Each structure stands twice: as structure tokens, then as C-alpha cells.
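# Close look at the chain arrangement
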There are 2 protein chains.
Amino acid sequence: MNAEKIPDIIIGRLPIYLRALQRMAENGKQTTSSQELGEIIGISAAQIRKDVSQFGEFGKQGTGYSIPFLIERLQVILKVNRVWDMIIVGMGDMGHALARYNGFGDRGFHVTMLFDNDPKKIGQVVDDRKIFGMDGMTEKIKENEIKVAILAVPASVAQTVADQLVKAGIKSILNYAPLHLNVPKDVHVQHIDPATHLQRMTYYL
Amino acid sequence: MNAEKIPDIIIGRLPIYLRALQRMAENGKQTTSSQELGEIIGISAAQIRKDVSQFGEFGKQGTGYSIPFLIERLQVILKVNRVWDMIIVGMGDMGHALARYNGFGDRGFHVTMLFDNDPKKIGQVVDDRKIFGMDGMTEKIKENEIKVAILAVPASVAQTVADQLVKAGIKSILNYAPLHLNVPKDVHVQHIDPATHLQRMTYYL
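Per chain, the residues get numbers from 1 upward, laid out in the order the sequence is written. All chains are assigned letters beginning with A, and all ligands numbers beginning with 1, in the order in which they are written. In keeping with the predicted nature of the model, local features appear solely for residues at pLDDT of at least 70, side-chain atom pairs appear and are counted solely at 80 or more, and the whole-chain, interface and lining totals rest on all residues. Water and hydrogen atoms were dropped before computing side-chain values, which therefore reflect all heavy atoms in the structure.

### Side note on the sheet that holds strand 5 (residues 109-115) of chain A
All names here are of chain A. A pair of strands is treated as paired once DSSP finds two or more bridges between them. Secondary structure elements follow DSSP: runs of H or I of four or more residues count as helices, runs of E of two or more count as strands, with numbering from the N terminus. Pairing is mixed across the open sheet formed by seven strands, whose spatial order is 6-7-5-4-8-9-10. Strand pairing shows two members of the sheet lacking a second neighbour, strand 6 (125-126) and strand 10 (188-191), which therefore form its edges. In the sheet, strand 6 pairs with strand 7 (residues 129-132) via two bridges, with the strands oriented antiparallel. Within strand 7, the residue paired with Val125 across the bridge is Lys130.

Written as C-alpha cells, this is what we have:
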């Protein structure tokens with residue numbers, strides 16, 4: 001398996017496969033097929049077979065995929081067979097909601113620190129974690145070797161804060177601000193954009 | 001153009017194209033190429049040309065795409081050349097953040113009503129909109145012929161509330177609860193799942 005060779009568009013589908021497989025496993029299922037998986041997530045069986053084959057032999061013709069085995073392999077490929085410490089910057093409504101979100105734990109992420117600039121918020125505790133001011137943020141990120149950040153600040157300051165995060169060594173930013181961030185090539189940004197998801201559905205109305 | 005023939009996987013990419021084109025237009029750009037667009041959004045130029053060609057002739061060889069023309073066509077295809085009234089159900093941190101989110105207006109959506117079950121929240125006003133109780137929700141959805149809902153309730157009640165929405169006539173649900181919703185075939189659900197986006201980036205760490 002050569003990591004350099006896997007196109008980003010395939011990488012983008014793997015977490016979706018992983019989520020569906022984990023759901024099946026929770027329901028006690030042991031095996032699945034590309035047809036079944038495809039129906040659940042709305043991707044063609046042929047596409048799934050093609051994607052999965054990039055990483056080696058996962059199933060035998062006719063017997064389908066072993067769910068636990070495929071989960072394990074996908075976790076290794078996506079590097080979520082470990083837990084990544086993660087910070088949240090911006091403790092408005094969205095930051096609070098994310099700090100309390102219970103969907104990270106079993107997916108490879110742990111929120112360790114919260115940051116905000118507002119003196120009224122600094123020192124408050126959300127789910128046992130204190131909100132820190134942003135003055136010492138760079139040092140805290142470096143000391144703890146944090147690579148993953150959620151950015152939930154207002155759009156007006158998002159680029160400035162993103163620049164700070166990049167300088168501190170952050171390599172993955174999940175951006176909730178409604179704007180495009182400019183970052184160096186070795187930093188990855190994913191944009192959570194509810195309007196894009198909504199537009200995907202209006203087509204069918 | 002036959003709507004029945006466009007695969008869902010292509011439909012899913014169109015809002016991403018639209019967002020990138022709108023960003024370019026805001027910056028005063030008039031034309032672009034599949035290469036340029038592809039580099040911005042991380043999709044191959046060949047894929048973009050193939051997707052766009054499904055909807056007719058958009059560019060001439062060598063001169064590229066007209067950005068305003070492509071925006072208009074994509075808006076028509078995705079049915080966001082109008083504004084869809086939308087409700088938010090569940091006014092916790094996430095619901096509040098979404099009610100105040102300023103990224104819907106120019107993308108085809110308008111939040112008209114807010115709902116929650118908590119007597120302490122009912123009657124509160126968020127950005128000029130009153131929070132209604134969920135008792136009269138079905139009637140309000142029907143009266144106003146609302147088709148689009150954002151679901152931001154706790155996972156424990158999300159399926160029950162989704163069932164209510166479906167009965168009331170909602171056809172598109174943007175689901176923020178960390179669980180899979182079972183809905184009839186004619187109802188579309190998009191799941192906002194931050195862990196999936198994060199897992200797409202850890203691959204590169």
C-alpha cells in the first residue's frame with residue numbers, strides 16, 4: 001500500500017464506509033457486501049469494490065466482506081486506530097455544542113482544550129474542560145503537540161486565527177466559519193457547510 | 001436535461017462547484033477552467049468536465065466556463081434559484097448556532113421557525129424568531145408548506161422527531177444528531193458528521 005498513490009477523492013469516501021460499517025457492527029452484523037453497503041450510503045457497489053481493492057484483498061467472491069476486518073483496515077489507513085488530541089477554538093454556541101458532542105470518542109478524537117478570546121468566557125468550564133484565553137494558545141498547542149483543531153470563531157477573525165493555528169503546528173483544521181481559509185499545502189482544511197448539504201437535497205424537491 | 005438520469009453522486013458534487021464559483025464571482029472573476037476549479041476544490045479537471053457536460057454545453061474549448069452562466073445553471077438544477085423556508089428543531093447550543101448562522105441567506109434558504117420541547121425555551125426569541133413548542137409543530141409545518149428541516153435534537157429523541165417531521169410533510173432533513181435516521185424513500189437526509197470530516201484529514205498526518 002503506497003499512501004502517495006491513493007487519490008484524495010477515494011480517501012474522502014473511506015470515512016463514510018467506516019461509519020456505515022461501524023453502525024453494522026454495533027447491530028451485531030459480521031459480514032456485508034458491496035451491494036448492501038452501497039445501498040446504505042448511496043454509492044454504487046462497483047465504486048465501493050474499486051475503492052476497497054486499492055488497499056488489498058478484503059473479501060472473497062461470493063462471501064462478502066468481513067466487517068470487523070474491514071473496519072480495522074480502514075482505521076489503520078485513516079490513522080484513527082489511535083486517539084488524536086484536538087482543540088476547539090471559539091466557544092460560542094457552536095463551540096459549546098462541539099465541546100459537548102458525544103460522537104468523537106469512538107471515532108478517533110478527543111477534545112483536550114478549549115480556547116476563546118472573550119474575557120467573560122475564559123476560565124469557564126465546559127464538560128470538565130476549562131476555557132483558556134488565546135494569548136497562550138500557540139505555546140499550549142506546541143507543548144502538547146496538538147495537530148488537529150476545530151475552528152468555530154466568527155468569519156471575521158477566522159483567517160487570522162487559522163494563521164495562528166498553522167504557525168503553532170496544527171495540520172488539520174475543521175472549519176465551521178462560513179468562509180474559505182488560505183493555508184499552506186501541508187495543512188488540510190475541511191469545511192462544515194450546512195448550505196452545501198441542503199442544496200444536495202433541494203434537487204429532489 | 002432529464003432529472004431522473006443524474007446520479008446522486010454527481011448531484012452531491014454540484015453544490016461544491018456552486019460554492020467555489022460563487023466565491024470566484026465575489027472576487028470579481030468572470031471565467032474559469034475545469035483545471036482551476038479542480039485545484040480549488042480537490043476534484044480532477046476530467047471529473048468536473050464530465051459532471052458539467054451532463055447538463056449541456058457550458059464552455060468552449062480553450063475559453064473556459066463563464067462563471068455567472070454556470071452559477072445560474074447550477075442554481076436552476078439544484079433548485080436554489082429560489083428561497084426555501086426552513087425550520088430548526090431543537091434549540092440547544094447547535095440549534096442556536098444554526099439560527100444565528102449567516103451562511104444560508106444567499107444560498108437558497110431562510111430559517112422561518114424554531115422549535116423546542118423545553119418549557120424554559122419556548123417563547124424565547126432568537127434573532128427575531130420566537131421558539132415554538134413542538135405540540136403544534138405538525139400543523140405549522142403543514143400550514144406553511146415547509147419542506148426543509150434542520151434536526152438538532154439529542155440523539156435519544158432524533159428518530160421520534162424525524163418521524164413527526166416526515167408525517168408533517170418534510171422532505172429534506174439536515175441531521176446534526178449523531179445517529180442514522182430511518183425515513184421513507186422520498187425523504188432525503190444529509191448527516192452533518194464532524195468525525196467523518198476529521199477522519200478524512202488524519203490520513204495525511
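### Notes on the interface of chain B and chain A
Interface size is commonly expressed as the accessible area that is lost once the parts come together. Here, residues are in contact when the closest pair of their heavy atoms is within 4.5 Å. If you look at the interface, chain B gives 59 residues, while chain A gives 59 residues. Interface area, chain B with chain A, both sides summed: about 6100 Å², of which 62% is carbon and sulfur. Think of a salt bridge as a Lys or Arg side-chain nitrogen and an Asp or Glu carboxyl oxygen that are within 4 Å of each other. Inspection of the region where chain B meets chain A yields eight salt bridges. Among the salt bridges present, the one from Arg107(A) reaches Asp193(B), with a minimum N-O distance of 2.8 Å. Whenever two N or O atoms come within 3.5 Å, that pair is a polar contact, provided that in protein one can donate a hydrogen and the other can accept it, and provided that, for residues adjacent in sequence, both atoms are side-chain atoms. The interface formed by chain B and chain A includes 28 residue pairs in polar contact (both at pLDDT 80 or more). Taken together, the elements giving at least two residues each to the side of chain B that touches chain A come down to helix 1 (8-26), strand 4 (84-89), helix 5 (93-100), strand 9 (172-175), strand 10 (188-191) and helix 8 (194-202) of chain B. Examining the composition of the side of chain B that touches chain A, we find that ten residues originate from one element, helix 1 of chain B, more than from any other. The residue inventory of the side of chain B that touches chain A, partitioned by class, reads 32 nonpolar, 14 polar and 13 charged. Buried area is calculated as the accessible area (1.4 Å probe) missing from two parts once they are joined, with the contributions of both summed. Gly is put with the polar residues, along with every residue not named as nonpolar or charged; the nonpolar set is Ala, Val, Leu, Ile, Met, Phe, Trp, Tyr, Cys and Pro, and the charged set is Asp, Glu, Lys and Arg.

### Considerations on helix 5 (residues 93-100) of chain A
Each residue gets one of three labels from its accessible area relative to the maximum for its type: buried under 20%, exposed over 50%, partly exposed in between, using a 1.4 Å probe on protein chains only. Helix 5 of chain A sits mainly inside the fold: six of its eight residues count as buried. Taken as a whole, helix 5 of chain A has its buried residues at Met94(A), Gly95(A), His96(A), Ala97(A), Leu98(A) and Ala99(A).

### Describing the packing of aromatic side chains
When the centres of two rings from Phe, Tyr and Trp lie within 6.5 Å, Trp using its six-membered ring, the rings pair. Their planes under 30 degrees apart give stacked, over 60 give edge-to-face, and anything left gives tilted. Evaluated as defined, the whole model comprises six aromatic pairs over all chains. Aromatic pair Tyr101(A) and Phe104(A): ring centres 4.8 Å apart, planes at 65°, arrangement edge-to-face. Both residues of the pair, Tyr101(A) and Phe104(A), count as buried. Where Tyr203(B) meets Tyr204(B), the ring centres are 4.9 Å apart and the plane angle is 85°; that geometry is what we call edge-to-face. Its relative accessible area of 32% is what places Tyr204(B) among the partly exposed residues. Remark: a charge is flagged as sitting over a ring if the NZ atom of Lys or the CZ atom of Arg is within 6 Å of the ring centre and within 35 degrees of the ring normal. We note Lys79(B) situated over the ring of Tyr203(A); from NZ or CZ to the ring centre the distance is 6.0 Å. The ring of Trp84(B) carries Arg82(B) above its face, with NZ or CZ at 3.4 Å from the centroid.

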